[in-house]
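Chain by chain, the residues run as shown.
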Amino acid sequence: MGVALLALFAGGAGAAELKFAPGEDSKFNWASYDDFKKGHDLSGQTLTIFGPWRGEDQTLVESVLDYFREATGATVKYSSSENYEQQIVIDTQAGSPPDVAVLPQPGLIADLASKGYLTPLGDETQKWLLDNYAAGQSWVDLSTYKGKDGTAALYAFPYKIDVKSLVWYVPENFEDAGYEVPKTMEELKSLTEKIVADGGTPWCIGLGSGGATGWPATDWVEDLMLRTQPADVYDKWVTNEVKFNDPAVIGAIDEFGWFAKNDKFVDGGAAAVASTDFRDSPKGLFSSPPKCYLHHQASFVPSFFPEGTVVGEDADFFYMPPYAAKPDLGNPVLGAGTLAMITRDTPASRAFIEFLKTPIAHEVWMAQSSFLTPYKGVNQDAYANGPMKKQGEILLNATTFRFDGSDLMPGKIGAGAFWTAMVDYVGGKSAADVTAGIQAAWDGLK
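About the thresholds
- Counting of residues starts from 1 at the beginning of each chain's written sequence and follows it residue by residue.
- Confidence filtering applies because this is a predicted model: local features only for residues at pLDDT of at least 70, side-chain atom pairs given and counted only at 80 or more, and all residues used for totals across whole chains, interfaces and linings.
- Neither water nor hydrogens contribute to the side-chain values; these are computed over all heavy atoms in the structure.
- Helix numbering and strand numbering both begin at the N terminus, where a helix is a DSSP run of H or I of at least 4 residues and a strand a DSSP run of E of at least 2.
- Values of the radius of gyration come from C-alpha atoms, whereas the globule rule sets the reference at 2.2 Å times the count of residues to the power 0.38.
- Only protein chains enter the calculation, and the probe is 1.4 Å; a residue is then buried if its accessible area is under 20% of its type maximum, exposed if over 50%, and partly exposed in between.
- Stacked, edge-to-face and tilted are the three classes for Phe, Tyr and Trp ring pairs, Trp counted by its six-membered ring, which pair at centre distances within 6.5 Å; planes under 30 degrees apart are stacked, over 60 edge-to-face, the rest tilted.
- To sit over a ring, a charge needs its Lys NZ or Arg CZ within 6 Å of the ring centre and within 35 degrees of the ring normal.
- A strand pair is defined by DSSP finding two or more bridges across the two strands.
- The pLDDT score gives, residue by residue, the confidence of the prediction method on a 0 to 100 scale.
- Throughout, a residue-residue contact means that at least one pair of heavy atoms, one from each residue, lies within 4.5 Å.
- Here a helix's expected span is defined as the number of its residues, less one, multiplied by 1.5 Å.
- It is the directions from the helix axis to the C-beta atoms whose arc is reported.

> Go over the overall build of the protein with me, naming the residues and quoting the values.
Helix and strand counts for the protein stand at 18 helices and eleven strands. Scaling as 2.2 N^0.38, a compact globule of 446 residues should have a C-alpha radius of gyration of about 22 Å, and the protein matches this with 23 Å. Across its three principal axes, the protein shows a C-alpha extent of roughly 70 × 55 × 45 Å. Counting only residues that meet the buried cut, the protein has 54% of its 446 residues in that class.

In structure tokens, the structure reads:
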């Protein structure tokens, strides 16, 4: 085990090799790096960080940590684990936590905060998020949890975000058919109907995912909840203050049904929705002639596009639009992401949170891959490519951001009853019936 740990922490100390030389590329905010460097000398100190990033993502986060190492003189040891959710619980309970933990599960963070394992980040960090992140209140809300004494405080710093509110299409197909990207939900519905009138099939939808079959429908419903109801109704829904069989939830599910339960609207007909594997479902976009023109899925879906597909050219996406009839709801964005917390209060862990407030801590990862940020102070031109920049702009234009709702619910609901109910729904059951079943399952947890 000692050999394994030495291998894991290799390169944690000593002079760091920086991915981009400070001062050499004008797309980076080097002034923010220089200012941070002047104010933080941590020579001789060690910072331990435990997070979810492994493989290629670990290489990317290490390239960012190199700037913290270089600026402060601190030794930084980053580690992860295949079972990182269980490991952080074990380490905190044993009294041997890392200095900083990074997690993508708000429910787990809430549990750690309630047991007194996290250090509040203070009013200054709360104000910083309000002032510097687009839809700042949303990020403060996501980062606020109740401590051991029941008092709510800001315990987390959101860093590295994913966007789910995307609709994918093939630009060439749109061009050939004379279709335009819709700006409102009403226009998206009109486009859906026009494609049918033109003899085509609008949507590819697949809910199949082995033991997790049904989950893609939850993203649809969450997006539609945010577009039909105020954000506080969404928040109450994920905690069950608004019941699952409330008319607001039934309405959002039936909006999904408008797309998914119409045989003319879906490749293979409504009966194919539940049985089609979500990984196979976007392939219809690339058939000739196309089997479908539209596909709703998060930013990761190009992994399942045909080999060699270039996003931004062969395939593209647009923001899942809001309803023109509901202007008060603004531009909501559904997504996920990771949050950093202090699990051992040290000067180095405090300095690391301050480092995350520098544009350079975002721009270094932006310039490589798989990183989005709502930070208004970064240079958008630092993004490695056009599609990443476009998704970053969706975050910047958001008036509301909400975390994936099923991930915020108890596991037996969000990763259980909700999934199976959506399969039953596309199979023919009513929204009223399936939501009553989910609510009964939730009541059974108490």
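> So what's going on with the packing of aromatic side chains? Which residues, and what values?
Overall, the coordinates contain 46 aromatic pairs when judged by the stated rule. For the pair phenylalanine 68 and phenylalanine 352, a centre-to-centre distance of 5.7 Å together with 80 degrees between the ring planes defines the contact as edge-to-face. With phenylalanine 68 in helix H3 (residues 56–72) and phenylalanine 352 in helix H13 (residues 347–356), this pair connects stretches of sequence that are 284 residues apart. The class of phenylalanine 68 is buried, set by a relative accessible area of 0%. Owing to a relative accessible area of 6%, phenylalanine 352 belongs among the buried residues under this scheme. An aromatic cluster of at least three residues, connected via ring pairs, comprises Trp203, Trp220, Phe256, Trp258, Phe259, Phe265 and Tyr425. Positioned above the aromatic ring of tryptophan 258, the side-chain terminus of lysine 189 is 4.8 Å from the ring centre. Of note, lysine 390 hangs over the ring of phenylalanine 317, and the distance from its end group to the ring centre comes to 4.5 Å.

> Could you give me a rundown of the sheet that holds strand E7 (residues 166–169), with the residues and numbers involved?
Adjacent strands of a sheet form backbone hydrogen bonds with each other and so pair up, either parallel or antiparallel. With respect to topology, three strands assemble into an open sheet ordered E8-E7-E9, the strand pairing being antiparallel. With partners counted over all chains shown, the strands left at the sheet margins are strand E8 (295–296) and strand E9 (316–319), one partner each.

> Which residues make up the pairing of strand E3 (residues 100–103), and what values go with them?
A two-sided burial pattern is seen for E3, the buried positions comprising Val100 and Val102 on one face and Ala101 and Leu103 on the other. Here strand E1 (residues 46–50) pairs with E3 via two bridges, running parallel. Paired with isoleucine 49 across the strands is valine 100, a residue of E3. By the bridge criterion, four bridges tie E3 to strand E10 (residues 332–342) in an arrangement that is antiparallel. Following the sheet pairing, valine 100 is matched in E10 by isoleucine 342.

> Describe the confidence of the model for the protein, listing the residues and the values that go with them.
On average, the protein scores 95 in pLDDT, and the residues at 70 or more come to 96%. A low-confidence stretch, residues 1–15 stays under pLDDT 50, and its non-local contacts, those more than four residues away or across chains, total eleven contacts.

> Which residues make up helix H9 (residues 185–197), and what values do they have?
Taking 1.5 Å of rise per residue, 13 residues should cover 18 Å, and H9 covers 18 Å from first to last C-alpha, within 8% of that figure. Within H9, burial applies to Met185, Leu188, Lys189, Leu191, Thr192 and Ile195. The arc that holds every buried residue of H9, seen down its axis, measures 155 degrees, which confines them to one face. In this structure, the buried residues of H9 make contact with helix H8 (171–177), helix H10 (215–228), helix H12 (247–260) and E9.

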